[in-house]
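So the chains spell out like this:
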Amino acid sequence: MPGETRTRPETETGAIAKLALSNFPDVASLISASPEALIDIFPDAVIAHDGEHIFYCNTTAVRMFRAGQATDLIGRSPDILVASSEIPNIRAMRQDLRGQHERLPFHRRRFARFDGRNFEGAGSAIPFAVGSQTAFLVIIRDIREQVLAEKALFDSEERFRTSFEYAQIGMALLGIDRRIQAANDSFCSLLGYSEEELLSLTSDDITDPSDHHLSEQGWQALLVQGEASFHCEKRFV
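### Thoughts on the layout of surface pockets
Quantified by volume, the largest pocket comes out at close to 540 Å³. Around the largest pocket sit 18 residues that line it, and L174, F187, F230, K234 and F236 are the ones nearest its centre. When contributions to the lining of the largest pocket are tallied by element, the ones reaching two or more residues are β6 (172-174), α7 (185-191) and α9 (212-223). Looking at the lining of the largest pocket, its residues break down into 13 nonpolar, four polar and one charged.

### Observations concerning the sheet that holds strand β3 (residues 104-112)
The antiparallel open sheet is built from five strands, whose spatial order is β2-β1-β5-β4-β3. Either end of the sheet is taken by a strand with one partner, and the two such strands are β2 (54-57) and β3. Mean inter-strand twist for the sheet, computed between neighbouring axes without regard to direction, equals 30 degrees. In terms of strand pairing, β3 meets strand β4 (residues 118-130) through seven bridges, oriented antiparallel.

### Observations regarding the pattern of salt bridges
The tally for this structure, following the rule as stated, stands at 14 salt bridges. Put simply, R91 and D79 hold a salt bridge, and the shortest N to O gap is 2.7 Å. Highlighted residues: R91 in helix α5 (residues 87-97) and D79 in the loop between α4 (59-64) and α5, separated in sequence by twelve residues. Here R144 and D142 are joined by a salt bridge, their closest N and O atoms 2.8 Å apart. Classification of R144 as partly exposed rests on a relative accessible area of 39%. It is possible to trace a salt-bridge network through shared partners that takes in D79, R91 and R94.

### What about the packing of aromatic side chains?
For any two aromatic rings, the description comes down to two numbers: the centre-to-centre distance and the angle of the planes. Going through the model one piece at a time under the given rule, you end up with four aromatic pairs. Aromatic pair F160 and F164: ring centres 5.9 Å apart, planes at 25 degrees, arrangement stacked. With a gap of four residues between them, F160 and F164 both fall in helix α6 (residues 144-166), about one helical turn apart. Assessed through its relative accessible area of 44%, F160 is described here as partly exposed. Judged by relative accessible area, which is 8%, F164 ranks as buried.

### Overview of α5
Of the residues making up α5, those classed as buried are I87, I90, M93, R94 and L97. Viewed end-on, α5 has its buried residues packed into an arc of 125 degrees, placing them on one side of the element. Those residues of α5 that are exposed and angled more than 90 degrees off the buried face are P88, Q95 and D96. Lining the buried residues of α5 we find β1 (45-49), β3, β4 and β5 (133-142). A positive backbone phi angle near 85 degrees is found at G99, which sits one or two residues after α5.

### A word on the confidence of the model for the protein chain
Counting all residues, the mean pLDDT for the protein chain is 84, and 84% of those residues have values of 70 or more. Every residue in residues 1-11 is under pLDDT 50, and counting partners more than four places away or in other chains gives 18 contacts. Here residues 26-33 is modelled with pLDDT under 50, and outside its nearest four sequence neighbours on either side it reaches five contacts, counting other chains as well.

### Considering the nonpolar core
Counting residues in hydrophobic clusters, the biggest one holds 24 residues, and the most contacted among them are I47, C57, F65, L73 and I140. Elements represented by at least two residues in this core include exactly β1, β2, α4, α5, β3, β4 and β5. At four residues, α5 tops the list of elements feeding residues into this core. Those residues in contact with I140 that sit more than four places away from it in its chain are D44, A45, I47, M64, F65, F111, A122 and G123. With twelve residues, the next largest nonpolar core counts F42, V46, Y56 and F128 among its residues.

What counts, and at which threshold
Residues numbered from 1 in each chain as written. Predicted model: local features only at pLDDT ≥ 70, side-chain atom pairs only at ≥ 80, totals over all residues. Heavy atoms only, no water. 1 Å grid on protein atoms, 1.4 Å probe; cavity = no way out; pocket = protein on both sides within 12 Å on 5 of 7 lines; lining within 4 Å. Points joined across faces, edges and corners; volume = space filled by probe spheres on them. Helix = DSSP H or I, 4+ residues; strand = E, 2+ residues; numbered from the N terminus. Nonpolar A, V, L, I, M, F, W, Y, C, P; charged D, E, K, R; others polar. Pairing = 2+ DSSP bridges. Axes fitted to C-alpha atoms, helices over the stretch in contact; angles between N-to-C directions. Salt bridge = Lys/Arg side-chain N within 4 Å of Asp/Glu carboxyl O. Buried < 20%, exposed > 50% of the residue type's maximum accessible area, 1.4 Å probe, protein only. Phe/Tyr/Trp six-rings, centres within 6.5 Å; stacked < 30°, edge-to-face > 60°. Arc of directions from axis to C-beta. Contact = heavy atoms within 4.5 Å. pLDDT = per-residue confidence, 0-100. Core = buried A, V, L, I, M, F, W, Y, C linked by side-chain atoms within 4.5 Å.

Take a look at the structure:
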């Protein structure tokens, strides 16, 4: 029944903790503590359920899902922890995992907190036997900071792309092999090439042979001396 408090013997709690830690041996070897104590302070949420009811959760799970205490989770359906749009996929995944023994790699999911808000996380599931039934050890990682960092990177790249494409000065991107990887309209108009033509050329191909030594000095400054930039005046062809 929802809200019913189900507990497991301490020996089984220890087994759950050991199972979780077996997937993070490097972390476990760094701290001298019992598996139960270590998993309770683990930075990821650790939850065990039988497909119908949650029977174990660590302190991080309580905090991550904005529950008041562990008993708010124990006995509840694990479906309450995922966004409604994720439930069909989660149930299908459990069905596929039954009878298996391999860990499901981390996948991004939308999870649901007790305060009604959803958040982006990464979840991994490990099936294990409880008597004749299959239970699931679920490890959930809060990846909000990663999502924010990815968004900031995307926004930065989008700003650069817009600035590059619509700049009034000629701009081109070169690889370390000196091949032209991108060129804006201003650069194409300045040299009289189409971008498609430029993408088949190197910087030497569009430089007057008499000025190749200037380009070479620039490449040496960047790749050998570690300079952040270089400037020179040269003729193009």
